[in-house]
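Here's the letter readout for the chains.
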There are 2 protein chains.
Amino acid sequence: MTFDFSTAVKPNLPAPAAAPWNGYPPYNFVGGHNDPDSLPIEKLTRACTEVLQREGKTLSTYSLDSGPQGYLPLREFLVDKLYNYAGIECTADQILLNSGSLQAIDLINEALLGPSDTVIIEASNYGGVITRLNRLNVNIVTVTVDEHGMQTDHLATTLATLADNGTRPAYIYTIPTVHNPTGTIMSHERREQLISLAVEYNVPVFEDECYADLIWDGQRPPALYALDSSNRVIHVGSFSKTIAPALRVGYTVADWSLISQLLALKTDAGSGALEQMLLAEYCRDHFDKHLATLNKNLQAKLEVLCNAIDREFGTTAEYTVPPGGIFLWVKLPDAVNTTQLAAAAEAEGVSINPGNEWSLQSDAAQHLRLCFANPDIATIETGIKKLAQICHREFGVPEFTGNTPNKQ
Amino acid sequence: MTFDFSTAVKPNLPAPAAAPWNGYPPYNFVGGHNDPDSLPIEKLTRACTEVLQREGKTLSTYSLDSGPQGYLPLREFLVDKLYNYAGIECTADQILLNSGSLQAIDLINEALLGPSDTVIIEASNYGGVITRLNRLNVNIVTVTVDEHGMQTDHLATTLATLADNGTRPAYIYTIPTVHNPTGTIMSHERREQLISLAVEYNVPVFEDECYADLIWDGQRPPALYALDSSNRVIHVGSFSKTIAPALRVGYTVADWSLISQLLALKTDAGSGALEQMLLAEYCRDHFDKHLATLNKNLQAKLEVLCNAIDREFGTTAEYTVPPGGIFLWVKLPDAVNTTQLAAAAEAEGVSINPGNEWSLQSDAAQHLRLCFANPDIATIETGIKKLAQICHREFGVPEFTGNTPNKQ
């Protein structure tokens, strides 16, 4: 008799994978993948060779010669980079390198969240955050987002109502710069208001800026961390979006009173060291120039995507062209349910994020998120054409695609 | 007013780090670090260059072109390697690559353990496993270990007693090959008995073989996974001990009914891909030869350690020379408490693992674990001399060190 682990696992776990992975769909508009042609392979290879030759032997020691906070030269690069790009003043001791920013989120949640706690998040949000918070059984309170970011007047009333009920949120989670999925950048004024409200209600702020360097005009606003003088902001970032997602290197910047606790919870014997070494070696000399090129390439792909949507969906699809990032947040008419659309599209090799997974707002089901960094131009154009045809077939909209009546 | 996160964290968390890391002690006998001079830097560099040149662009995609189970060529290498070294027959779909085997342990525990569950483990054990199980509030039942590994007669009575009380353990956890900390290798007969008991009581077996390739005579016995025909064995391994600990790559081999659940729990967007690519590229051509060299070097260091202990501690220190691994499990007289010894030694730059952190047996406090792979020969010799002097000062034993009366 063979043992079936499905009879042995705990209750209430996420559903197991249905089958081993079978490749990406041909028209893949999901996931934070990046533009393969923007990857600086030659320079990365050289950097890897140099750092391995110079200090490869330190790989024989867990965490190299840098200790559990991660490779010191990479933390030192971040000290400079975060100051130059986001106005953050910190020391290497305030930085914890993580196995991607997702590990940062998990550790922060493990330190700060219990089952009965309340958190405030933006009403449309990164799907992975919503999933995590639901699994932790915390009480999620949402604040709406507009083209200037989280609506701080709504935040103010939300905090006031919670305080009236005796509830102090465990944190305010926000993606202020290139918000996921809307792509908006929080205005400076709102940033100041958010900090001031957080101080007033004595709530920590969890700032997730993993897309913040992907801004076409290069004008990244000061991070919330930089605007706060009360040590209450936890700043999280990543190299996944600027260099390569398969390199799992993210980071947390926070006061030592939190970093010290995260260190005690980080029982993984260190994050991958070679990837940290490679990034430090490469970024020190090449980050700025690479970022400028990457942003140019991403903006060009976004234009291709927007043109394709305009051509295939016409005015049926509404969106605001984002000032940066790798995704477009699109609204379709009320007749459309994007969860059903995503299922129908998946069956034909077109993968999209339905709004219900990325938003808790009432109009979530009419929204979809389209990631544009990874597919090439022809794939974007054909994929959007197919999506419009499927949408027409399933929901009758758009009525026309590609300026011709849509017949299947 | 500044925010103090120590007032905001959840209760019952592990104590925060006291201060930022400040370097390893000069005489470091703790941690699974490896021999720096055995690291094949030139060949690793070449492998890294080759794989980056050939398929570096895939780093733009989370999990490369291999999906969430990890880089397919590395899983394919493991299929061959596990068959050749440990008699394991499996397919690449039964392997999940992890961010070190510690992530494997965490995911398996998350899938299988709830707070009221019972697990069976060896009475002396890897400290990280004991810590994890305590944090999960499971009921730990121990089985004694002798020079042939876990005592299966004791396992039989333990399982019978538990069954009488209506308890079926969530798993039997064992380190059969180069047991941590005793270094013993479970005999073939005991392996068969363990599997047969696991079948009889319908209990999964969790086999942790992260040291199993470090055997001086190269005679690795068949894994429990290979001896079981009921799919109940979960096999975990690592490249940390054979190639480099700072590369965080471990793996789980199990039936799809478990791998599918672990995949659903592995929400890290993939483990570090470059380290997987490098290992696959390097190991395919060089693993066997490298392992032979590494084992030769480790055995030589073990001999240095044993000689130093004999010289400095004389018959005061009892140990069995292990057939492999990177640590020695030493017993001191009843007068010694190794937790106190470790504290006194730490203050003088000598770091050791006290037995209480690595054993739940009654004589744990007289034991210590000494890791010998990382320090060089002179460091081993001086460190053991210092340890004997400190032990003499604190506990009066050994009475003599280095064949001279021990005077401080």
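Residues numbered from 1 in each chain as written. Chains lettered and ligands numbered in written order. Predicted model: local features only at pLDDT ≥ 70, side-chain atom pairs only at ≥ 80, totals over all residues.

1. Examining helix 1 (residues 41-55) of chain A
Applicable threshold: Only runs of H or I of at least four residues qualify as helices and only runs of E of at least two qualify as strands under DSSP, and these elements are numbered from the N terminus. Expected span of a helix: the number of residues minus one, times 1.5 Å. Three exposure classes are used, all based on how many other C-beta atoms lie within 10 Å of a residue's own C-beta (placed from the backbone): buried at 20 or more, exposed at 12 or fewer, and partly exposed between those limits. The arc under discussion is defined with respect to the helix axis, by the directions toward the C-beta atoms. With C-beta atoms placed from the backbone, a contact is any residue pair whose C-beta atoms sit within 7 Å.
Across its 15 residues, helix 1 of chain A extends 21 Å between first and last C-alpha, which sits within 8% of the 21 Å expected from 1.5 Å per residue. Every buried residue of helix 1 of chain A is listed here: Leu44, Thr45, Ala47, Cys48, Val51 and Leu52 of chain A. Seen end-on, helix 1 of chain A carries its buried residues on one side only, within an arc spanning 165°. Looking at helix 1 of chain A, the residues exposed on the side facing more than 90 degrees away from the buried face are Glu42, Gln53 and Arg54 of chain A. Turning to helix 1 of chain A, the residues buried within the fold contact helix 9 (273-313) of chain A together with helix 1 (41-55) of chain B.

2. Side note on the packing of helix 5 (residues 152-164) of chain A against helix 6 (residues 188-200) of chain A
Residues and elements named next belong to chain A. Rules: Here an axis means a line fitted to C-alpha atoms, over the contact stretch when the element is a helix, while the angle between two N-to-C directions is reported on a 0 to 180 degree scale. Convention used here: angles under 35 degrees read as roughly parallel, angles over 145 as roughly antiparallel, angles from 65 to 115 as roughly perpendicular, and any remaining angle as oblique. By the convention adopted, Pro, Cys, Tyr, Trp, Phe, Met, Ile, Leu, Val and Ala count as nonpolar, Lys, Arg, Asp and Glu as charged, and the other residues, Gly among them, as polar.
At a minimum axis distance of 10 Å, the contact between helix 5 and helix 6 shows a crossing angle of 10°. When the axis of helix 5 is compared with that of helix 6, the two are roughly parallel. Across from Thr152, Leu155, Ala156 and Leu159 in helix 5, the residues of helix 6 making contact are Arg190, Gln193, Leu194 and Leu197. Its residues assigned to classes, the contact of helix 5 with helix 6 comprises five nonpolar, two polar and one charged.

3. Some details on unusual backbone geometry
The peptide bond linking Asn180 of chain A to Pro181 of chain A adopts the cis configuration, its omega dihedral lying at 15°. Within the fold, Pro181 of chain A resides in the loop between strand 7 (171-174) and helix 6. Residues other than glycine seldom take positive phi values, yet Val178 of chain B does so here, at roughly 60°. For Val178 of chain B, the position within the fold is in the loop between strand 7 (171-174) and helix 6 (188-200).

4. A word on the interface of chain A and chain B
Put simply, an interface is often sized by how much accessible area is lost when its parts join up. Each partner contributes residues to the interface: chain A has 77 residues there, and chain B has 77 residues. Among the elements of the structure, helix 1, helix 3 (100-112), helix 8 (256-265) and helix 9 of chain A are those that each provide at least two residues to the side of chain A that touches chain B. Classifying every residue of the side of chain A that touches chain B by side-chain character gives 38 nonpolar, 29 polar and ten charged.

5. Topic: the domain arrangement of chain A
Residues and elements named next belong to chain A. How we decide: For the domain bounds, the source is a domain assignment made automatically or taken from a database.
Under the domain assignment used here, chain A contains domain 1 (23-39 + 289-405) and domain 2 (41-286). When each unit is reduced to the centre of its C-alpha atoms, the spacing between domain 1 and domain 2 is 27 Å. Every contact between the two is made by 26 residues of domain 1 and, on the other side, 26 residues of domain 2. Of all the secondary structure elements, the ones that give two or more residues to the side of domain 1 that touches domain 2 are helix 9 and strand 11 (327-331).

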